[in-house]
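# Structural characterization, general
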Amino acid sequence: MAYENEVDSFLIDDLTVENRLDRISIYGSLELTKDRHGLESALKLKRIIDASIDALKRDKTLPDQITIKASQSVQNPF
């Protein structure tokens, strides 16, 4: 479910989709080849995008824009 937790992560070939409470992060690369594999990959990506759009539409308190805080670096404990 889009925007539901901070743990879900999906891979479509070399494309990573990470679920967050305040955003969906998509990075990497994906080749949509003109074959059955390309179709399956495109449909997976479409389901993720459609779920994200549906979640955004359902949110009645959706702000105009959020501020994304910069991530903090921590010292390696090893």
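Quick look at the structure, then. The numbers attached to residues start from 1 for each chain and follow its sequence in the written order. Where local features are concerned, this predicted model is filtered to residues with pLDDT of at least 70; where side-chain atom pairs are given and counted, the filter is 80 or more; whole-chain, interface and lining totals use all residues. Side-chain measures here rest on the full set of heavy atoms in the structure, leaving out hydrogens and waters.

### So, the pattern of salt bridges
Two side chains that carry opposite charge are able to pair once their charged atoms sit near each other. How we decide: A carboxyl oxygen of Asp or Glu within 4 Å of a side-chain nitrogen of Lys or Arg is what we treat as a salt bridge. For helices the rule is a DSSP run of H or I covering at least 4 residues; for strands it is a run of E covering at least 2, with both sets numbered from the N terminus onward. Accessibility here uses a 1.4 Å probe with only protein chains present; expressed as a share of the type maximum, an area under 20% marks a residue as buried, one over 50% as exposed, and anything in between as partly exposed.
The tally for this structure, following the rule as stated, stands at three salt bridges. The salt bridge involving Arg20 is made with Glu6; its shortest N-O contact spans 2.4 Å. Of this pair, Arg20 sits in the loop between β2 (14-19) and β3 (24-29) while Glu6 sits in the segment before β1 (9-12); the two residues are 14 residues apart in sequence, bridging distant segments of the chain. The partly exposed category is assigned to Glu6, whose relative accessible area is 41%. Two residues, Asp22 and Arg23, come together in a salt bridge whose shortest N-O distance is 2.8 Å.

### Structural notes on the environment of Leu45
As a reminder, the rule being used: By definition in these notes, contact holds between two residues if any of their heavy atoms fall within 4.5 Å.
By secondary structure assignment, the location of Leu45 is in helix α1 (residues 36-58). The class of Leu45 is partly exposed, set by a relative accessible area of 22%. Leave out the neighbours within four places in its chain, and Leu45 touches Ile12, Leu15 and Leu30.

### Concerning a nonpolar patch on the surface
So the rule is basically this: Only residues whose relative accessible area exceeds 30% and that form no salt bridge are eligible for patches; like-charged ones are grouped when within 9 Å, while nonpolar side chains (Val, Leu, Ile, Met, Phe, Trp, Tyr) are grouped when within 5 Å. Here the accessible surface of atoms and residues is derived via Shrake-Rupley with a 1.4 Å probe, and residues count as covered only by protein chains that are part of the display.
A contiguous nonpolar surface patch, about 220 Å² in accessible area, is contributed by Ile26, Ile49 and Ile53. Residue position: Ile26 is located in strand β3. Accessibility expressed as a relative area gives 41% for Ile26, which makes it partly exposed.

### Here we look at the pairing of β2
A regular strand places its side chains on the two faces of the sheet in alternate fashion. To keep things clear, this is the line we draw: Any two strands between which DSSP finds at least two bridges are classified as paired.
Alignment of β1 against β2, held across four bridges, turns out to be antiparallel. When the bridges of β2 are listed, Leu11 appears paired with Thr16. In textbook terms, the turn of a hairpin is the stretch between consecutive antiparallel strands, and for β1 and β2 this stretch comprises one residue, one of which, Asp13, has a positive phi near 55 degrees. Of the pairings in the sheet, the one linking β2 to β3 comprises six bridges and is antiparallel in character. Of the residues in β3, the one forming a bridge with Thr16 is Tyr27.

### Here we look at α1
Applied cut-off: Expected span of a helix: the number of residues minus one, times 1.5 Å. Contacts described as polar in this section are N or O atom pairs within 3.5 Å, which, within protein, must combine one atom able to donate a hydrogen with one able to accept it, while residues neighboring in sequence count only if both atoms come from side chains.
Taking 1.5 Å as the rise per residue, α1 with 23 residues should run 33 Å; its terminal C-alpha atoms sit 33 Å apart, in good agreement. The complete set of buried residues in α1 reads Gly38, Ser41, Ile48, Ser52 and Ala55. Residues of α1 that are buried in the fold lie against β1, β2 and β3. N-capping of α1 is provided by Asp35, with a side-chain oxygen placed 3.4 Å from the backbone N of His37.

### Overview of unusual backbone geometry
Trans peptide bonds make up most of the peptide bonds, and negative phi angles are found at most residues other than glycine. In the Ramachandran plot, Tyr3 falls in the positive-phi region, its phi being about 65 degrees despite a non-glycine side chain. With respect to the element layout, Tyr3 can be found in the segment before β1. Overall, Tyr3 belongs to the partly exposed group, its relative accessible area being 22%. In this structure, Asp13 takes a positive phi of about 55 degrees despite not being glycine. As for its position among the elements, Asp13 is in the loop between β1 and β2. With a relative accessible area of 38%, Asp13 lands in the partly exposed category.

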